[in-house]
Amino acid sequence: EKELSLAKKIQDSALPKSIPKFPGLDISVLYKPMDLVGGDYYDFFAIDSHRIGVLIADVAGHGVSAAIIASMLSIAFKNHVAHAESPEAMLSRINHTMHGKCGNMFLTAAYMVIDTKTKIIQFANAGHPFGYIYRANSNEFFPCDSKGRLLGVFPELHAAKIDIPFQTGDRIMLFTDGIIESRKENGELYEEE
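About the cut-offs
- Numbers given to residues run from 1 along each chain, matching the order in which its sequence is written.
- At least 70 in pLDDT is required for a residue's local features to be given in this predicted model, at least 80 for side-chain atom pairs to be given and counted, and no such filter applies to totals for whole chains, interfaces and linings, which use all residues.
- By convention in this description, side-chain values take in all heavy atoms of the structure and omit both hydrogens and water.
- Helix and strand assignments come from DSSP, with helices taken as H or I runs of at least 4 residues and strands as E runs of at least 2, each series counted from the N terminus.
- Contacts are assigned to residue pairs with any non-hydrogen atoms lying within 4.5 Å of each other.
- Residue exposure ignores everything except the shown protein chains as possible cover, and the areas themselves are Shrake-Rupley values with a 1.4 Å probe.
- The charged-residue count follows a simple rule in which Lys and Arg add positive charge and Asp and Glu add negative charge, with His and chain termini not counted at all.
- For charged residues, the charge sits on one atom: NZ in Lys, CZ in Arg, CG in Asp, CD in Glu.
- Each pair of strands is called paired provided DSSP finds at least two bridges between the two strands.
- Fitted lines through C-alpha atoms serve as axes, helices being fitted only where they are in contact, and the angles separating the N-to-C directions of these axes extend from 0 to 180 degrees.
- Using a 1 Å grid laid over the protein atoms alone, points where a 1.4 Å probe fits but cannot get out form a cavity; open sets with protein on both sides within 12 Å along at least 5 of 7 lines form a pocket; any residue with an atom within 4 Å of a point counts as lining.
- Grid points are joined across faces, edges and corners, and a volume is the space filled by probe spheres set on the points.
- Only Asp, Glu, Lys and Arg are considered charged in this grouping, and only Ala, Val, Leu, Ile, Met, Phe, Trp, Tyr, Cys and Pro are considered nonpolar; every other residue, Gly among them, is considered polar.
- By convention a nonpolar core is built from buried Ala, Val, Leu, Ile, Met, Phe, Trp, Tyr and Cys residues, the set being connected through side-chain atoms within 4.5 Å.
- Residue exposure (1.4 Å probe, protein chains only): buried if accessible area is under 20% of the type maximum, exposed if over 50%, otherwise partly exposed.

## Comments concerning the overall build of the protein
Check the secondary structure of the protein and you find 4 helices and 8 strands. Going from the N terminus to the C terminus, the protein shows its helices and strands as α-β-β-α-α-β-β-β-β-β-β-α. Once the C-alpha set of the protein is aligned to its principal axes, its extents read approximately 50 × 45 × 30 Å. For the protein, contacts bridging at least 24 residues in sequence account for 63% of all contacts bridging at least 6. When the accessible area of the protein is evaluated, it comes to approximately 10900 Å², of which 54% is carbon and sulfur surface. In the protein, 19 positive and 24 negative side-chain charges are present, and the distance between their average locations comes to 6 Å.

So, in structure tokens, the structure goes:
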């Protein structure tokens, strides 16, 4: 229990202390690990007055080892903010840092740059569940369909970036597999649908 409590403190210190207030955006987060500690991680980096980088990641597994790797990911992200304006470069740099340091575990991640001036989201993915954009004017959901390899497994990542235009009122939703692997009252998985 003492070790779990210490791991929880380490994990809590790696997560952002507060949600950034960014002009033109309303940002919300819900973080509920399955166990006392887990491998889910998110962070933000304000690039300039109209661009913000958003990272979401998930370490395969749960418990102390996943929390430790998530803490390593936090340090890797903060060490590579010089590349924050390029989703592909950010994920590639994080992969380079994490490669060979995760034992038999791996990570998934998605990183985006939201530009409130151009109203473009640049999005890249490293094996993470797709995010979705909700279009307010058509009341429809569309996947942020960008593919990439898992983080920390291969020496090179090759994450592809896609550009997603957005309008006032649209919503972008990122999540970890904890959402789609949750169960309904009848025991069925929710899944992406």
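## Some thoughts on the sheet that holds strand 2 (residues 51–62)
Backbone-to-backbone hydrogen bonds pair the strands of a sheet. The strands run either parallel or antiparallel. With respect to topology, 5 strands assemble into an open sheet ordered 1-2-3-4-7, the strand pairing being antiparallel. Lying at the two open borders of the sheet, with one neighbouring strand each, are strand 1 (38–46) and strand 7 (161–165). The average undirected angle you get between the axes of adjacent strands in this sheet is 15°. The pairing of strand 3 (residues 107–115) with strand 4 (residues 120–126) spans 6 bridges and is classified as antiparallel. The residue of strand 4 that forms the bridge with aspartate 115 is isoleucine 120. Across the sheet, helix 3 (residues 87–98) lies against strand 2, strand 3, strand 4 and strand 7, angled at about 25° from strand 4, the strand it touches most.

## Observations regarding empty space enclosed by the protein
Per the counting criterion, the structure on display carries 1 cavity of 30 Å³ or more. What lines the largest cavity is Gln11, Ala14, Leu15, Asp40, Tyr41, Ala70 and Ser71. Counting residues per element, the ones that place at least two in the lining of the largest cavity are helix 1 (2–14), strand 1 and helix 2 (63–79). Class assignment of the residues belonging to the lining of the largest cavity gives a composition of 4 nonpolar, 2 polar and 1 charged.

## Let's talk about the nonpolar core
Counting residues in each nonpolar core, the largest one holds 44 residues, and the members touching the most others are Tyr41, Leu91 and Ile94. Of all elements in the fold, only strand 1, strand 2, helix 2, helix 3, strand 3 and strand 4 reach the threshold of two or more residues within this core. For this core, the leading source of residues is strand 3, giving 7 residues.

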